[in-house]
Amino acid sequence: MVDYHAANQPYQYGPSSGGGGGNGGGGGVGDYMAQEDDWDRDLLLDPAWEKQQRKTFTAWCNSHLRKAGTQIENIDEDFRDGLKLMLLLEVISGERLPKPERGKMRVHKINNVNKALDFIASKGVKLVSIGAEEIVDGNAKMTLGMIWTIILRFAIQDISVEETSAKEGLLLWCQRKTAPYKNVNVQNFHISWKDGLAFNALIHRHRPELIEYDKLRKDDPVTNLNNAFEVAEKYLDIPKMLDAEDIVNTARPDEKAIMTYVSSFYHAFSGAQKAETAANRICKVLAVNQENEHLMEDYEKLASDLLEWIRRTIPWLEDRVPQKTIQEMQQKLEDFRDYRRVHKPPKVQEKCQLEINFNTLQTKLRLSNRPAFMPSEGKMVSDINNCWQHLEQAEKGFEEWLLNVIRRLERLDHLGEKFGQKASIHEAWTDGKEAMLKQKDYETATLSDIKALIRKHEAFESDLAAHQDRVEQIAAIAQELNELDYYDSPSVNTRCQKICDQWDALGSLTHSRREALEKTEKQLETIDQLHLEYAKRAAPFNNWMESAMEDLQDMFIVHTIEEIEGLIAAHDQFKSTLPDADKEREAILAIHGEAQKIAECNHIKLLGSNPYTTVTPQIINSKWEKVQQLVPKRDDALLEEQSKQQSNERLRRQFASQANIVGPWIQTKMEEIGRISIEMNGTLEDQLNHLKQYEQSIVDYKPNLDLLEQQHQLIQEALIFDNKHTNYTMEHIRVGWEQLLTTIARTINEVENQILTRDAKGISQEQMQEFRASFNHFDKKQTGSMDADDFRALLISTGYSLGDAEFNRIMSVVDPNNSGIVTFQAFIDFMSRETTDTDTADQVIASFKVLAGDKNFITAEELRRELPPDQAEYCIARMAPYQGPDAAPGALDYKSFSTALYGESDL
């Protein structure tokens, strides 16, 4: 029972101990009142505040009593009999109170007031020191306190804005609504309202056509207040509860009066609050849709750029038309190296990022209950992978082809130089031979001269036979150059043909001269045996020296240390024959000296040189000296080449040492990532941090790869084509490194998507770990995916009772591409979809219907009024005209638009 009679107690109000009415559980008006100052007895002594409360409370009561066809004039007097007080409570609560007593005696009035106070107490309000006697006696303080309690309970308590209620909720509502307006800063319910701008801002926010806000001035508060109060009374059915002068002329307007007045605005615009909530829901849905569209556009652009680069690069890699010179082919090799070092690595990153963006977009679409994203034709991830495989296939043999062509051109240049050298030696030897063979000196020669000419001719024939091998070598080299498509083959062929024709002519002339000499041989008897022996021994020795000089000057090209050591061994063997050759030279010179000695001793006059040969002792000594000079030069050239090959061998071993470390390291990291992606211990955040640390450790290892690239560059520059010390090539290392970076990036993306799914769907860490443990148990091959049979067993283990139709439905969700494989991410998406709820098309349609005022269509004007400008225009551009029988001009179909957002029809 409410205590109406406690004497000498300050006026209080709060939640009753009975728990009836209000928001229940000690909430509502009691909670708010616990935060308010007590109704201070001294405050009512302030005439200005009391005047404001009287006017406001009287107007508030009349705004409800007029619904029952009555009103009050004096708030102290008109509630004394309790009749209008009970009527007021019935109007504002919508409930029936006990039947009032109609007698005019004091006891009747007290009983009526007690009935009203009992009803207030039944609504959860505890009244202290307010008794029926005070009301019947016209106590102004108690009457105003009672009316304020009624206002709090029925007009303010149920206000709720963003988890705040009562006074705080009403204040937050005012702040939200007036935030965009200049010179308005609502912080309380007294001085923040003195200039009148806040009242006008509330009206303009909801009914902009009623207020010309830009014409209001902060320095004219009376005009502002009167404008707001008159507009509210005329168009919003809010009675004028205060006079502008009462507010302006008070240093601090009465808070309770202002709160009462503002609560009337709140209730007048409560319908607009519902529309705002509906608009917020639509904005949220449209924001998600717009973000997804931006992601789709970004994917399409990145995929187009990458595919265009691949399509431009493949024809260049497939162009296998060799150039004519080594310089051109080396430039082509340098271009290919630039492609591998500079152009391709960023594209590898773009490809990896494209796959990550695609997976993230699909995850966001699933989380927002949108259909999966299907890229334009030819721009699927699988299409890009196919093009990438085509690129790598074209790239695979390109470098090998370049090196083979360079080797072939090197050999051609070497053969060309060798041909020129041998041809020059042969041409020098044949110079004058035709003229010599055409001489007819035997017609006037003596017998001895003829015999000498015959012997000389025999020596020439011996020399000619010795040169036959050189001519065949020249022809063989020319033939090989033709077969290898040497770029200067025409000039080689011309020169070779000239040599062959000249050789045939020499053969014919030699035969003719021999026949002529043989005709006169019978007349030739005397011959100098010494000269003949000299000639016979000098000619082959001379040929040997010429061959030796030719070999000592012969160019060579080697690629391994074994090859150069073979040449050095052959050269050492040649040097070991020099002492015997020197003895042969001295023996030949001794024959010539013996002939000279016999001639001198016998006073024989020798005319000219040895008639049987042109090889004089001076020539032999000169060529021998030349051989002696060429030997050390050959030594230097071979030693220089040996040093070069030893340097190349060091480069091979240096590269092999580093490659044999980096290669196994990459392979080990790939295996460790595979184990990590399956085990996934700890929380998802722990797993993500662990993976990122692991990724950083991989990135930190990059200097070792760069060092290997530098060593490989030195090997390429040295034209080293093979390396027996390692099975790893730079190509293997690069491919392994790219796969390692891609694998760790994909694994990190998978965990990030699992975190997105967990956070969006409210999945606990324990549930996520249970999902992972179940999936790993049935992932028999430990590959991170499973076939349909294993997936069926997994679902049964989690409690699903599956028929074929239900299982086929689930498979269509987790495996939309019918690949026969279910990934862990697909399993998580399915389990989260089965256990959580998301926005649906029906919810969006219901929200649009609120904005449209329960119509089956909505207009562009309504969209622009309720939604932000960009999202309003987004809807207007995509909504089809409404075709229903109740269509109005400019009507838009929001139902088909809402279903299209969720993929249930085409937009």
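Remember, it's a predicted structure, so these values are computed and weren't measured experimentally.

**Details of the overall build of the chain**
Helices and strands together make up the secondary structure of the chain, namely 33 helices and eight strands. Relative to its full complement of 907 residues, the chain shows a buried share of 46%. Pairs at least 24 apart in sequence give 75% of the contacts found in the chain among residues at least 6 apart. For the chain, the computed accessible surface area is about 45,600 Å², with 49% contributed by carbon and sulfur atoms.

**Some details on unusual backbone geometry**
Positive phi, close to 60°, is recorded for D237, a residue that is not glycine. The phi angle at D854 is positive, at roughly 65°, despite the residue not being glycine. Along the chain, D854 turns up in the loop between α30 (841-851) and β7 (858-859). Note on D854: relative accessible area 60%, which makes it exposed.

**Quick look at the packing of helix α2 (residues 47-65) against helix α6 (residues 140-156)**
Contact geometry of α2 with α6 gives a least axis separation of 11 Å together with a crossing angle of 50°. When the interaxial angle is binned, α2 and α6 end up oblique. When the axes of α2 and α6 are compared, the crossing they make is left-handed. For the pair α2 and α6, contact is made by E50, Q53, R54, F57, W60 and C61 and by A140, L144, I147, W148, I150, I151 and A155, respectively. When its residues are assigned to classes, the contact of α2 with α6 shows 10 nonpolar, one polar and two charged.

**Considerations on the pattern of salt bridges**
Enumeration over the complete set of coordinates arrives at 46 salt bridges. With a closest N to O distance of 3.5 Å, R878 and E293 form a salt bridge. Of this pair, R878 sits in helix α32 (residues 869-878) while E293 is found in helix α12 (residues 270-318), placing the two residues 585 residues apart along the sequence. One salt-bridge network, in which partners are shared between bridges, spans K51, K55, K240, D243 and D246.

**Some remarks on the environment of R411**
Tracing the chain through its elements places R411 in helix α15 (residues 398-430). Spatially, the C-alpha atoms of R411 and Y486 are 10.0 Å apart, while their sequence positions differ by 75 residues. Beyond its immediate stretch of four places on either side in the chain, R411 contacts E480 and L484.

**A closer look at the nonpolar core**
Counting residues in hydrophobic clusters, the biggest one holds 79 residues, and the most contacted among them are I150, W193 and F265. Among residues more than four places away in sequence, those in contact with F265 are W173, F199, L202, I203, A232, L236 and I238.

**Re the UniProt feature "coiled-coil region" (unreviewed entry) in the chain**
Residues given the UniProt feature "coiled-coil region" (unreviewed entry) here are residues 450-484. The span residues 450-484 is 97% helical and 0% strand by assignment, and the distance between its end C-alpha atoms comes to 50 Å.

**Things to note about the confidence of the model for the chain**
In the predicted model, the chain carries a mean pLDDT of 80, and 87% of its residues have values of at least 70. Long-range and interchain partners of residues 523-527, a stretch whose pLDDT sits below 50, account for 16 contacts in this model, where long-range means more than four residues apart.

**Side note on the packing of α30 against helix α33 (residues 894-901)**
In the contact formed by α30 and α33, the axes pass within 9 Å of each other and the chain directions differ by 150°. One element, α30, and the other, α33, form an angle in the roughly antiparallel class. For the pair α30 and α33, the crossing hand works out as right-handed. Counting all contacts with α30, which are made through A841, V844, I845, F848 and K849, the residues of α33 involved are Y894, K895, F897, S898 and T899. Among the residues forming the contact of α30 with α33, the class breakdown is six nonpolar, two polar and two charged.

**Re the packing of aromatic side chains**
Throughout the structure, instances matching the rule amount to 24 aromatic pairs. A centroid spacing of 6.4 Å and a plane angle of 5° characterise the contact between F189 and W193, whose relative ring orientation is stacked. Measuring from ring centre to ring centre gives 6.2 Å for W429 and F460, while their planes differ by 0°; the resulting arrangement is stacked. With a gap of 31 residues between them, W429 in helix α15 and F460 in helix α17 (residues 447-483) connect regions that are remote in the sequence. There is no split in this pair, since W429 and F460 are both buried. Across the ring face of W429, the terminal group of K433 is positioned such that the distance to the ring centre comes to 4.8 Å.

**Observations concerning the side chain of H426**
Looking at where H426 falls in the secondary structure, it is placed in helix α15. Classification of H426 as buried rests on a relative accessible area of 0%. In this structure H426 touches R470, V471, I474, I499 and W503, once residues within four positions along its chain are discounted.

**Things to note about helix α8 (residues 197-206)**
With eight of its 10 residues buried, α8 lies for the most part within the structure. Residues L197, A198, F199, N200, A201, L202, I203 and H206 constitute the buried set of α8.

**A word on the side chain of D815**
Mapping D815 onto the fold places it in the loop between α28 (804-814) and β6 (822-823). For the buried D815, no salt bridge exists, and the shortest N-O distance to an oppositely charged side chain is 11 Å, to R366. The residues contacting D815, other than those within four sequence positions of it, are G820 and I821.

Parameters at a glance
- Residues numbered from 1 in each chain as written.
- Predicted model: local features only at pLDDT ≥ 70, side-chain atom pairs only at ≥ 80, totals over all residues.
- Heavy atoms only, no water.
- Helix = DSSP H or I, 4+ residues; strand = E, 2+ residues; numbered from the N terminus.
- Buried < 20%, exposed > 50% of the residue type's maximum accessible area, 1.4 Å probe, protein only.
- Contact = heavy atoms within 4.5 Å.
- Areas by Shrake-Rupley, 256 points an atom, 1.4 Å probe, with all protein chains shown as cover.
- Axes fitted to C-alpha atoms, helices over the stretch in contact; angles between N-to-C directions.
- Parallel < 35°, antiparallel > 145°, perpendicular 65-115°, else oblique.
- Left-handed = near helix turned anticlockwise from the far one by under 90°.
- Nonpolar A, V, L, I, M, F, W, Y, C, P; charged D, E, K, R; others polar.
- Salt bridge = Lys/Arg side-chain N within 4 Å of Asp/Glu carboxyl O.
- Core = buried A, V, L, I, M, F, W, Y, C linked by side-chain atoms within 4.5 Å.
- UniProt positions renumbered as here; feature names shortened; annotations may be inferred.
- pLDDT = per-residue confidence, 0-100.
- Phe/Tyr/Trp six-rings, centres within 6.5 Å; stacked < 30°, edge-to-face > 60°.
- Lys NZ or Arg CZ within 6 Å of the ring centre and 35° of its normal.
- Lys, Arg positive; Asp, Glu negative; His and termini not counted.

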